[in-house]
Amino acid sequence: QVQLVESGGGLVQPGGSLRLSCAASGSIFSIGAMSWYRQPPGQQRELVARLIGGGSPNYADSVKGRFTISRDNAKNTVYLQMNSLKPEDTAVYYCNALIQLTTVRFENYWGQGTQVTVSS
């Protein structure tokens, strides 16, 4: 059984910073893409940032220059450093990972979500 456990959300003032973490645990052969999504109140879930292996990260236009995704492969953990936060960044943030369970089996997993609220 594989789990993604997120941490680091909370309440922050506009212009502040937060760092989200997402650790994968369980019977993992390897991990492919690791991503962060968010779902603002009353809106659909959207991709924030994605990191595939050792490649260059991809970001939503709304967070470019402010957010940085990184991963620690030894810890099976992905991070999202969020700087210069704006009220419109308020959302539930979800971690997503494509995990290889065996040589031929891949599964997509989601974390439970962590609330980020940007407000004065």
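Our structure is the block above this text.
Thresholds, definitions, all that
- Residues numbered from 1 in each chain as written.
- Predicted model: local features only at pLDDT ≥ 70, side-chain atom pairs only at ≥ 80, totals over all residues.
- Heavy atoms only, no water.
- Pairing = 2+ DSSP bridges.
- Helix = DSSP H or I, 4+ residues; strand = E, 2+ residues; numbered from the N terminus.
- Axes fitted to C-alpha atoms, helices over the stretch in contact; angles between N-to-C directions.
- Salt bridge = Lys/Arg side-chain N within 4 Å of Asp/Glu carboxyl O.
- Buried < 20%, exposed > 50% of the residue type's maximum accessible area, 1.4 Å probe, protein only.
- Contact = heavy atoms within 4.5 Å.

Bringing the sheet that holds strand β8 (residues 77-82) into the picture now. Here four strands make up an open sheet; going across it, the order is β1-β3-β8-β7 and the pairing antiparallel. The sheet is open, and its two edges are formed by β1 (3-7) and β7 (67-72), each paired on a single side. Strand-to-strand twist in this sheet, taken as the mean axis angle between neighbours without regard to direction, amounts to 15°. Of the pairings in the sheet, the one linking strand β3 (residues 18-25) to β8 comprises six bridges and is antiparallel in character. Residue pairing across strands places Ser21 opposite Tyr79, the latter belonging to β8.

Right, let's get into the pattern of salt bridges. With the rule as written, the count across this model stands at five salt bridges. Here Asp89 and Arg66 are joined by a salt bridge, their closest N and O atoms 2.8 Å apart. Of this pair, Asp89 sits in the loop between β8 and β9 (91-100) while Arg66 sits in the loop between β6 (58-59) and β7; the two residues are 23 residues apart in sequence, bridging distant segments of the chain. Of the two residues, Asp89 and Arg66, neither departs from the other in class, the shared state being buried.

Here we take up the environment of Val12. Looking at the element boundaries, Val12 is found in strand β2 (residues 10-12). Along the sequence, Val12 and Gln115 sit 103 residues apart, while their C-alpha atoms lie 11 Å from each other. In this view, Val12 contacts Ser17, Leu18, Leu85, Thr117, Val118 and Ser119; residues no more than four positions away in its chain are not counted.

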